[in-house]
Structure formats: C-alpha cells, structure tokens
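Inside the fold
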Amino acid sequence: MSYLGRSIKRVDGLGKVTGRTPYTPDLVLPGMVHAYPVFSNIPFGRITAIDLAAIKEAPGFIAIILAADIPGENQVGVIVHDQPLLADEVVRYVGDTIGLVVAETAAIAHALAELVQVKYEEYEPVLSMEAGRAGRGRLLHESNVACSHRSVRGDVEAGFSSSDLVVEGTFTTPHQEHFYLEPQSCLAIPEPEGGITIHGSLQCPYYVQRAVGGALGMSLARVRVVAAPLGGAFGGKEDVPSELCARAAVAAMLVGRPVKMVYDRRDDVQMTSKRHPFEMHYKVGVNRDGRLLAADVLLESNAGAYATLSSVVSYRAAIQALGPYRVENVRAISRAYYTNLPPSGAFRGFGAPQVCFGHERIMDHIAAELGIDPVELRLMNLIKPGDITSSGQRLDNCAGAEKTLTKARSTSGWLKRLPAGAGRYREGWGVATCLYGNGLGAAGWRMDGAGARLQLLRDGSLEVAYGLTDMGQGAITVVAQMSAEAVGVELSQVRVLPTDTANVPDSGPSVASRNVVLTGNAIRDAAEDLRKEMTSAAGQLLKCPPEQVEIEAGRVRDLQSGREIPLAELAEQMFVTNRSMGALGWWHAPPLDFDADRGQGEAYFAYSFAAQIARVKVDTVTGLVEVLKVWAAHDLGKAINVAGVEGQVEGAVSQAMGWALTEDLRMTDGRVDTVNFSTYLLPTFTDMAAVETIIIEEPEPLGPWGARGVGEPAIIPVAAAIANAVSDALGVPVDDLPITPEKVLALLDKADNGGLGTGTTAIGSHG
Amino acid sequence: MMRLSGEPAYFDLEVTVNGRPYRRTVTTHRRLLDFLREELLLTGTKESCGEGECGSCTVLMNGLAVNCCLVLAVEAQGAEIVTIEGLAQGGTLNAVQQAFMDCHAVQCGYCIPGMILAAGQLLESQPRPSRQEIESALVGNICRCTGYHKIVDAVEQAAGGGA
Ligand code: FES
Ligand code: FES
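Conventions and cut-offs
Residues numbered from 1 in each chain as written. Chains lettered and ligands numbered in written order. Predicted model: local features only at pLDDT ≥ 70, side-chain atom pairs only at ≥ 80, totals over all residues. Helix = DSSP H or I, 4+ residues; strand = E, 2+ residues; numbered from the N terminus. Rg over C-alpha atoms; globule rule 2.2 N^0.38 Å. Buried ≥ 20, exposed ≤ 12 C-beta atoms within 10 Å, placed from the backbone. Contact = placed C-beta atoms within 7 Å. Domains from an automatic or database assignment. Axes fitted to C-alpha atoms, helices over the stretch in contact; angles between N-to-C directions. Parallel < 35°, antiparallel > 145°, perpendicular 65-115°, else oblique. Left-handed = near helix turned anticlockwise from the far one by under 90°. Nonpolar A, V, L, I, M, F, W, Y, C, P; charged D, E, K, R; others polar. Pairing = 2+ DSSP bridges. Expected span 1.5 Å × (residues − 1).

**Observations concerning the overall build of chain B**
A tally of helices and strands in chain B yields five helices and five strands. Secondary structure elements of chain B occur, N-terminal to C-terminal, as β-β-α-β-β-β-α-α-α-α. Since a compact globule built from 163 residues should have a radius of gyration of about 15 Å, the 16 Å found for chain B is in line with a globular shape. In terms of overall dimensions, chain B has C-alpha extents of about 50 × 30 × 25 Å along its principal axes. Within chain B, the proportion of its 163 residues that are buried is 55%. At a minimum sequence separation of 6, the contacts of chain B that also span at least 24 residues come to 61%.

Here you go:
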C-alpha cells in the first residue's frame, strides 16, 4: 500500500505553477478563427427576423452560422430533447443562442455578434418558480413541469397520527453560479479526412462526442474529443460544453478552419447553467423521544428554460430528501418547473445540498421543540448497518454515518459549547449530516461504467488512459497513484494521458463523484490482466513459479529466493518475447433493484457519509455572519491522497459558504444583474473559515481499496450547518439562503417585535 | 471590446518582458493582457473577469502587481513586465512556485499564476508576513477551488524558506 493513503504532490502541478499548462483559451493553431454567440436578449418570444446587414461587410467577418446551417439534428438536450442547438423559432431565456459569428479575431467576432439585429414577437415570460408552478399563459414546452420524482413508503397519514409532535417548515435555497475561473471555451478542428477533433474545457467528453456527432450527422468514430486541462468546472462543464462544442463544430466544418470560442465572463454568467433554486416544504412527525415516524416532503425547484440535467437533480433530491435518517413512513415528491430563466443544471452535489438544507433545518426545528440536543436527535435517527433508508434500501456499510457524527462532535468540542449570549456579537453552533449516493443511480446504472487502459512500456514506465476527467480536483494524481499501486511501478514512472475519447471506451460523465470508485476499479481490472502477463514473464526470468513473484514500486522479486530484478528488465524481456503489454480495464455499477414508480429500492450502489459542525459569530448590529470554523468529518472508505481530500473539503467549504452567506444571484426580467465578481460575492481569503478535515475510513466493499467518493459529499452539509449555527446564535430560525446581513437584521427585528413563528407545530393526539 | 468604427490609432511600444526587450506596433486600445497573450504568446497570464476583480491576470509591472486586464499596452511603454513564465530560472522554480507545489496549493490552477505573482510581490515588500497579512494582501485574488488555506500555507513556507 505504498502510494495510497498519503499526501502525494499533484502530478500536474508543475505546469500550473509555471503557467505552461495549456488551458483551452491558450490554444493557438495555424489558420484558427474565432467564434462568438449571438444570443437572445429577451426572455421569451418568437424570432421574426434576423438582420445581418450590419456585419456581412465588416472587416474580419467570415461567416455566421444559424439553425439552418446545422447539417444534423438541431437538438442538444442531454436527457430530454427540449433544447435546440441554435434557436430557430422560439427563444426561451436571455442567453438562448441563435447563431455564431465567425471572424478573424475574437474581438471582431464578439463585436459583430452584438451587431446582429434579431427581431422578436415577444411573449409574456415566466420569470419565477411560482409562475412556473402556476403554469398559466403560454408554456415554454408541452408541460410546465420539467420532471418529477417521488419516493414513497409506508403509511404517512398513520405515521402522523401516531406522532406526538408534527413539525413543519418551509426552506428555500437560491441559484448559485459556478464561477469557475476559466470561462466556457472550446476549439473545434476539422480534420482533413472529414472528421473533427474537439479540445475543450469540458467534464464529459463522451457527452460532447455524441452532441457533436448529432449536430454534424457524423459517425462517432469521426468525432474525437479531448478534455483540455480544466480551469474549474463544479458541474458547470458537464452538459453546457456540449452546446459550445457542437456549435463550434458546425462552424468549423462550414468554414473549414479551426474555430475557437471563449465566453466573456458576463455572458458566461448569463448564458450557462446554475444550481437549481429549491423551495422545500417538510412536515415531519416524531414521538416524544425524537424518533422520526413520518415525513411528507415537497421539493420544488426552478428548472429554467430547458430540462438539461433537472431530472438527475430531482431524482436525487427525492431519494435523499431525508438524508441518512431512518423513517418508515415517507412521501417525498420532487418537481422542477420550467421558467424563462437560464437553465438550472449540474452543480456539485446535484440537489443534495438543497435537500440537506431542508432535512437538517427541520431536524433543528424538532430538536428545539423537544428540547433535545441536535446531535443526540440525529444520533437517535441515523441509519445503522442493516437498516433500511427512507428510500427503501438496506445498507450494510453505513457505519460511517454515526462515526462521522460522533467524531465531529468530539473533535469540535460541541459538548462544551457556550450559550450564544445576548451581546452585540453572538456565537452559535450548528451541525448537519448527509449521505450521498455514488454514481448515476438506479435510473442510469445500465450506463454506469468506466474504463482505464494501462500500457507498460519497454523501459518499465507506465502509460495510463482513463475515461473520466480531472476538473482541478486532482483526479489525475489519484489515477496515477492507483495505477502505480495496482501494477507495481514507481509513481514517478506513471504518466496519465489527457482524457481522449479515442483512448478509452465511452465511460460516461465525470460527475457524481464517480472517478475514484469507477476509474479505480477499472484500473484494478486492467492491472489484473497486465500483472498476469508480468508475473508469468518474471517467473521465467527469475526461474520461479509466477505465484511466487512480487512486483512492487518498480522492483520484481522472487519471494522465495529473494532474487530481485528491476521492473525495466522485466519490461524489456516482455517486449522482446512478444508478451502483451497493455490491458483495458472496465468496471460497471452492479445491477440495482429499484421500483421507479414508488421511488424505493436500491437507488445507488454505494453511499458516502459526512457530518459537519460549524461555529459562527454574528454581529447583531451589522448583520454580518462570520464562520469561525467548520469541522468536516467524512467517511471516504479509504483516502487515496490525503492532501487532495483536504483540498476538496476546504474548497467545498468555501463554495458552500458563498452559497450560504454572500452569493446572491439577482435577476431582473430574466437578465442576471450580478454578472461580475463585484456584484456576485465569492468568498475571499479574509472570509474563509478555518477548516478541520476529519477522515473516517469505513471500507466500501465495492470501492477500490475500499474507497468512496468525496468531491461532492464535502459540499453538501456546509450551508445547513452554517444556517443551524446562525439560528442557534440568534435564537431565531434561519430557513432561507443566502443569509445576507439584511436578512439577519430583518430576522432580529421580527424577533424583537415578537412576530416570530417557528415552523408550524401541532401536538398530535397520541399521549 | 474593440470598436469597429473609426480608424484605429497605432503606437510603437517598447517594453521589457521577463528580461527580454520587445518592440511592437500595437493599437492604442489594446490591453496589456492581450498583448502578452496574443502577441507574445505568454498565455500563463489568465483572463477570468476582464474587469479588474479577480486577480487572475496579475503581472508585475516595474515590480508592482497589476491586473493587466485593466492596463493598456501603451501604458507599459518603457516598463519592465514580469509574467509567470519569467519566474523559474533555468528550470528551477522560485521559492513561491516550489511552495505552491509542496503545500498542495494548486487545484484547477487557473488562479495560480496571478496568486504566485501577487504573493511574490508581497514577500518582496514584507519578507515575514503573518497569516493575516497574507490574507489581506491577497484578498483581490479569487480562487474558486481551494478554500485558500493551502495557498496561505504556501506563502508562509515561501517566506520561511526564502529568508
Ligand atoms: S481578469 Fe483581470 S482581474 Fe480578473
Ligand atoms: S485553483 Fe482553481 S481557481 Fe484557484
């Protein structure tokens, strides 16, 4: 186990500290031209005319691509086919793309795109989730509902009537913009033999391959997609790059030159996906001791103009609506409504941070009503090995749920916390727990596979190709560690290739914390084949049976005689004796037995667990919330790269702090007002809370070396823990994010005026 | 954004970048950022906001850290510019670069060139900054990935090692 469970320096660090890593906006090719989108500046309407007079004669103009120029299908919706690649009839949000201007320079393309005159017949737009839910007037699509999911078990009404207390609450969470620092960008290169190669800032090369093939009417074998190093993604480069790349591909084929497109920040914010805003209604029944007996949960979200990945978010929300708690009587319904706003889509956590805010706020309401310590209430209700989740799945490997919570409690000093006090500055403590289903889940398990290819070279070094991507989180380093470990080469002798659809079979999307588990298992699968060949050749060299050969960290040894040769010698011998030196590994999720109608059963093949505690200080005069510290306990099964895990957790805490406190995305008539860093406030150096990462390792039997995913779990409980801490500090429930100073002051005012109601509560009939 | 109306005005720019003198004709409205990235192909300098708010495009101009998306190329007349490409000497990283590697301060890396240059300038003016001083000095540099702690660790290490 030499390369795992340690802090390994990033294998891609050198290029990043010297400025030599070639991100997509940095790429330059001979003959390259530039494109920029023409997009709708109204939220809803029908295109009546497109006037190109102002641009066609302009110096530097090369071409404009409109819907009619798409040789294949004008459709880019990844799950639901509701999204035209280029709008030809109806535009559905400010930012809906109508065409691409191609020009000699990026500046000319951008300037000309703004000069294209589009005339519309304007429709009455649907500008809020309430309007979307009402579904009156002209609809964006056939139905006002983009998708809906449910998870139902037991008898909810009976559960309520046997409850001693029923607590209700409504919880709302806002949009969140990814604000990856590298804007959306791609480069489409027409190949001389008629194919196309795409380089881009993208998480999901196989999505892009399919979108480009579809738009061009081209066989997938002719579409090659390479993921360039990503300057951040967080879900924002899951499906959106399919749009950019397919449009740029159409342009590149038409003009016969490489076409590069990089979005301007303001346009990126306006045009691309965001975290779904949620409005959540929880009604939960408990007995006197605090045992959860029944839950009725309605989760409504704002899908924006197109369905994109709403169904993945909505499914996960329904399944995880009650987090890691046992509840036998459950009705969780989740629905996403179309609105004329930028599409909501994938964002780290896929709906889980939202519902975590819901289930963790209601838990604190219950704790307050019953006068039970919030940690105790949670411990009483957490699933234990052998229990059934609220979505009907028996879990045997969930000891991490309790362990993360008890460890967070003891490390943080929760039991010794002081009361908030009544002065100007008030301290508060909050706790939140979560679970996170790894992988695509029951709806997608038939496609939930990923590959890795290992190639031993004749000098004993190893080339690794994998099908998922590194979006900055450190996947490449983890892949290198796991490959070195599995094959027995030295880490410094491993080179991980850029993700390229030409290297590995379709491995699906790099989402849902799939990388460690899926790629890791695929690497082990490939390594098994490769090592069979290696040990057999080594046996011949060392004159011993293959079972007696040990290969580790570049040394090949006969365990009996102790004789040892360098791996390089073995590799050379394999080459000159015609041995197979490469292997393709594949791993797919096990079949899941799931009842989609009731939303019950095996929803995900494995889960990650986390518990976080936040300590905050609130200034009751300015309303400012300072997060002093977050203790983040995560069950990773096995931490592959310890520093990498800490980095993921610290980064997730900062992103979630922004979502919880300062990132206040405002729109007027479908136009984002907060399009830059001075109006949309990301956490800075001085805002950042102290973070203590607590690693728990409860092995996951399906995970490679027992590992589970961590990238997303890290972000899920943070905002809920902060909101619980602010509620604790103020003695007032905080049920709406972001917790801006204005809201804090308004809550304090309301409390002073005595007009404060916690979630509606009712004492049930049972005694 | 460029203007399409009116004749562009040109300017003969003389500037030293990473120790090398350059003489180029540029339009007067060209940003220093584009001059570096597009004319000199020094693409280590990143653009993220284009409005002076994120620090990704930080370079040193006569020893001072500037957001070069807000600087016109003509303003660099006669100036000494240092970009991220100018830091490592003969393949050896400078202390700040090395510390960023050692302290796991890098994730996606897009903010990192600007961070390293801004941190370098801080250490020039204040060789032993406290953690708090590091945080306030770098507050104009945004990172969306790391949560900043490991960047502060790196600057501390560079300060320790460089003294
Ligand atoms: S790109 Fe210059 S400060 Fe953001
Ligand atoms: S490392 Fe990604 S923005 Fe800083």
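**Examining the overall build of chain A**
Counting secondary structure elements, chain A contains 18 helices and 35 strands. Scaling as 2.2 N^0.38, a compact globule of 767 residues should have a C-alpha radius of gyration of about 27 Å, and chain A matches this with 27 Å. Across its three principal axes, chain A shows a C-alpha extent of roughly 85 × 80 × 50 Å. Partitioning the contacts of chain A with sequence separation of at least 6, the portion at a separation of at least 24 is 80%.

**Details of the domain arrangement of chain B**
Interfaces are frequently sized by the accessible area removed from exposure as the parts join. Residue and element names in this part refer to chain B. Splitting chain B by domain gives domain 1 (10–86) and domain 2 (95–162). Between the C-alpha centres of domain 1 and domain 2 the distance comes to 22 Å. Opposite the 14 residues of domain 1 that make contact, domain 2 presents 11 residues. Of all the elements in the fold, those that place two or more residues in the side of domain 1 that touches domain 2 are β3 (58–61) and β4 (64–67). Looking at which element gives the most residues to the side of domain 1 that touches domain 2, the answer is β3, with three residues.

**Digging into the packing of helix α16 (residues 642–662) of chain A against helix α17 (residues 718–730) of chain A**
For any two helices packed against each other, one specifies the inter-axial angle together with the distance between the axes. Residues and elements named next belong to chain A. Relative orientation of the contacting elements α16 and α17 amounts to 55°, with a least axis distance of 8 Å. Here α16 lies oblique to α17, going by the angle between them. For the crossing formed where α16 meets α17, the hand is right-handed. Only Val 718, Ala 719, Ile 722 and Ala 723 of α17 make contact with α16, whose side of the interface consists of Ala 652, Val 653, Ala 656, Met 657, Trp 659 and Ala 660. Its residues assigned to classes, the contact of α16 with α17 shows 10 nonpolar, no polar and no charged.

**Some details on the sheet that holds strand β21 (residues 449–456) of chain A**
Residues and elements named next belong to chain A. Strand order across the open sheet formed by four strands is β23-β22-β21-β27, with mixed pairing between neighbours. Single-partner strands in this sheet number two, and they are β23 (494–496) and β27 (582–588). Along the sheet, successive strands turn relative to each other by an average axial angle of 20°, direction set aside. Relative to β27, β21 runs antiparallel, the two being bridged by seven bridges. Looking at the pairing, Leu 454 lines up with Ala 583 of β27.

**With respect to the pairing of β3 of chain B**
Residues and elements named next belong to chain B. Relative to β4, β3 runs antiparallel, the two sharing four bridges. The residue of β4 that forms the bridge with Thr 58 is Asn 67. Here β3 folds back onto β4, and the loop between the two strands holds two residues, one of which, Asn 62, carries a positive phi near 50°. Sheet topology note: the β3/strand β5 (residues 80–82) ladder contains two bridges and is antiparallel.

**Some remarks on the sheet that holds strand β25 (residues 555–558) of chain A**
In a beta sheet, neighbouring strands are held together by backbone hydrogen bonds and run either parallel or antiparallel to one another. Residue and element names in this part refer to chain A. Pairing is antiparallel across the open sheet formed by three strands, whose spatial order is β24-β25-β26. Each edge of the open sheet carries a strand with a single partner, namely β24 (549–552) and β26 (564–566). Across the sheet, the mean angle from the axis of one strand to that of its neighbour is 20°, orientation sign disregarded. Relative to β25, β24 is paired through four bridges, and the arrangement is antiparallel. Pairing of Val 549 across the sheet is with Asp 558, part of β25. The strands that helix α14 (residues 515–542) touches are β24, β25 and β26; relative to β24, the one it contacts most, it runs at about 120°. On top of the sheet, helix α15 (residues 567–576) reaches β24, β25 and β26; it is set at about 75° to β26, its chief contact.

**Notes on the interface of chain A and chain B**
Chain A puts 46 residues into the contact, and the matching count from chain B is 43 residues. Among the secondary structure elements, those contributing two or more residues to the side of chain A that touches chain B are α1 (13–18), α3 (106–115) and α16 of chain A. Sorting elements by how many residues they give to the side of chain A that touches chain B places α16 of chain A first, with six residues.

**Remarks on helix α1 (residues 32–39) of chain B**
All names here are of chain B. By the criterion of burial, α1 is predominantly enclosed, with six of the eight residues buried. Three or more residues of α1 are buried, namely Leu 32, Leu 33, Asp 34, Phe 35, Leu 36 and Arg 37. On the buried face of α1, the contacting elements are β2 (20–27).

**Thoughts on the domain arrangement of chain A**
Residue and element names in this part refer to chain A. Assigned domains within chain A: domain 1 (13–123 + 184–262), domain 2 (274–442 + 595–762) and domain 3 (449–588). Between the C-alpha centres of domain 1 and domain 3 the distance comes to 37 Å. Taken together, the contacts link 16 residues of domain 1 with 15 residues of domain 3. Within the residue set of the side of domain 1 that touches domain 3, elements represented by two or more residues are α6 (205–216) and β12 (223–227).

**Some remarks on the pairing of strand β2 (residues 45–51) of chain A**
All names here are of chain A. Alignment of β2 against strand β4 (residues 90–91), held across two bridges, turns out to be antiparallel. When the bridges of β4 are listed, Arg 46 appears paired with Val 90. Summarising the sheet, β2 and strand β6 (residues 117–122) pair through six bridges and their orientation is antiparallel. Within the sheet, the bridge partner assigned to Ile 50 lies in β6 and is Val 118.

**Some thoughts on helix α3 (residues 112–125) of chain B**
Residue and element names in this part refer to chain B. Taking 1.5 Å of rise per residue, 14 residues should cover 20 Å, and α3 covers 20 Å from first to last C-alpha, within 8% of that figure. Where burial is concerned, most of α3 is hidden: 11 out of the 14 residues are buried. Within α3 the residues assigned to the buried category are Ile 112, Pro 113, Gly 114, Met 115, Ile 116, Leu 117, Ala 118, Ala 119, Gly 120, Leu 122 and Leu 123.

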